[in-house]
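# Observations on the three-dimensional arrangement
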Amino acid sequence: MTQDELKQAVAQAAADYVAENAPQGCIVGVGTGSTANFFIDALARQKDRYRGAVASSEATRKRLESHGIAVFDLNEVSDIPVYVDGADEVDAGLNMIKGGGGALTREKIVAAVARTFVCIADGSKQVAVMGKFPLPVEVIPMARAHVARQLEKLGGRPQLRTGFITDNGNEILDVHGLQIADPKALEAEINQIVGVVTNGLFALRPADVLLLGTAEGVRRSG
């Protein structure tokens, strides 16, 4: 199977999971990225089951609306039974690195509201130790150099993601060279740096369920 076929399979499995585990008429949380896009397409085939969705990015909002799915502001929503999103890396504890698409802050906010976080990924994203994929850190622009110096003290090599501004008007430093043995501790430490909005470690709030697309089929953990 090609990588896109694996993504399509796991996206359909996620749509089936939501249909089985979320009440009819609810609002679904939807992430950002190529795998999440396949999930949106699968969700659209069942859209009459749901009241609508909360989007983690402007790109996701546009794709949902193109399918005729109502998109709600998170401030209008008090309950999200299920949030479905992809990952750039995921470990055995269902901790993740996210933010390759630059939507990490809004993804983290929606995940915080959701009762169940379902991570969807192809098998190449599962790793023993995270850090090969550069860790995204969203920063206030005036603090970029300060934050970069602090990240260097943690052993990372931060690089500005050139030509990219987040939906929140901020910049992203992609941190190379980390071996993330304790993702919860590192997530908390980076978030304490003045000028950091948030970082792409999802360990303090990890996934509850992992749906992993493999050549042998979709594997579920959690």
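This structure is a prediction, so every number in the text was calculated from the model and none was measured.

Analysis parameters
Residues numbered from 1 in each chain as written. Predicted model: local features only at pLDDT ≥ 70, side-chain atom pairs only at ≥ 80, totals over all residues. Heavy atoms only, no water. Helix = DSSP H or I, 4+ residues; strand = E, 2+ residues; numbered from the N terminus. Rg over C-alpha atoms; globule rule 2.2 N^0.38 Å. Areas by Shrake-Rupley, 256 points an atom, 1.4 Å probe, with all protein chains shown as cover. Lys, Arg positive; Asp, Glu negative; His and termini not counted. Charge placed at Lys NZ, Arg CZ, Asp CG, Glu CD. Buried < 20%, exposed > 50% of the residue type's maximum accessible area, 1.4 Å probe, protein only. Right-handed = clockwise from strand over helix to strand, strands pointing away. Axes fitted to C-alpha atoms, helices over the stretch in contact; angles between N-to-C directions. Parallel < 35°, antiparallel > 145°, perpendicular 65-115°, else oblique. Left-handed = near helix turned anticlockwise from the far one by under 90°. Contact = heavy atoms within 4.5 Å. Pairing = 2+ DSSP bridges.

## What about the overall build of the protein?
Counting its regular elements, the protein contains six helices and 13 strands. For 222 residues, the compact-globule formula gives about 17 Å, and the C-alpha radius of gyration of the protein, at 17 Å, lands near that figure. When its C-alpha atoms are laid out on the principal axes, the protein stretches across 50 × 40 × 30 Å. Roughly 9,900 Å² of accessible area belongs to the protein as shown, and the carbon and sulfur atoms make up 49% of that amount. For the protein, the distance from the average position of its 23 positive side-chain charges to the average position of its 27 negative side-chain charges is 1 Å.

## Some thoughts on the pairing of strand β2 (residues 52-55)
Neither face of β2 is left uncovered, since the one carrying Gly-52 and Val-54 and the one carrying Ala-53 and Ala-55 both have all their residues buried. In this region the chain leaves strand β1 (residues 27-30), passes through helix α2 (residues 34-44) and returns to the parallel neighbour β2; the handedness of that crossover is right-handed.

## Some thoughts on the environment of Ala-112
Within the secondary structure, Ala-112 sits in helix α4 (residues 104-113). A residue is classified by how much of its surface remains accessible, and Ala-112, at 60% relative accessible area, is exposed. Each C-alpha atom of the pair Ala-112 and Arg-219 lies 25 Å from the other, and the pair is 107 residues apart in sequence.

## Looking at the packing of helix α1 (residues 3-21) against α2
For the pair α1 and α2, interaxial distance at closest approach is 8 Å and the crossing angle is 50°. Taken together, the axes of α1 and α2 are oblique relative to one another. In terms of crossing hand, the pair formed by α1 and α2 is right-handed. Across the interface between the two elements, Asp-4, Lys-7, Gln-8, Val-10, Ala-11, Gln-12, Ala-14, Ala-15 and Val-18 from α1 touch Ser-34, Thr-35, Phe-38, Phe-39, Ala-42 and Leu-43 from α2.

## Examining the sheet that holds β2
Spatially, β2-β1-β3-β6-β12-β13 is the arrangement adopted by the six strands of the open sheet, whose pairing is mixed. Strand pairing shows two members of the sheet lacking a second neighbour, β2 and β13 (217-221), which therefore form its edges. Averaged over all pairs of adjacent strands, the angle between their axes in this sheet comes to 25°, without regard to strand direction. As judged from the two bridges shared by β1 and strand β3 (residues 80-85), these two strands associate in the parallel manner. Bridging across to β3, Gly-29 finds its partner in Tyr-83.

## Considering the sheet that holds strand β9 (residues 171-176)
An order of β8-β9-β7-β10 is seen for the four strands of this open sheet, with the pairing classed as antiparallel. In this open sheet, the two edge strands, each paired with only one partner strand, are β8 (157-160) and β10 (196-199). Going across the sheet, the axis of each strand differs from the next one's by a mean of 30°, ignoring polarity. Against the sheet, α4 touches β7 (135-139), β9 and β10, its axis set at about 70° to β10. With respect to the sheet, helix α5 (residues 144-153) is in contact with β7, β8, β9 and β10, its orientation differing from that of β9 by roughly 15°.

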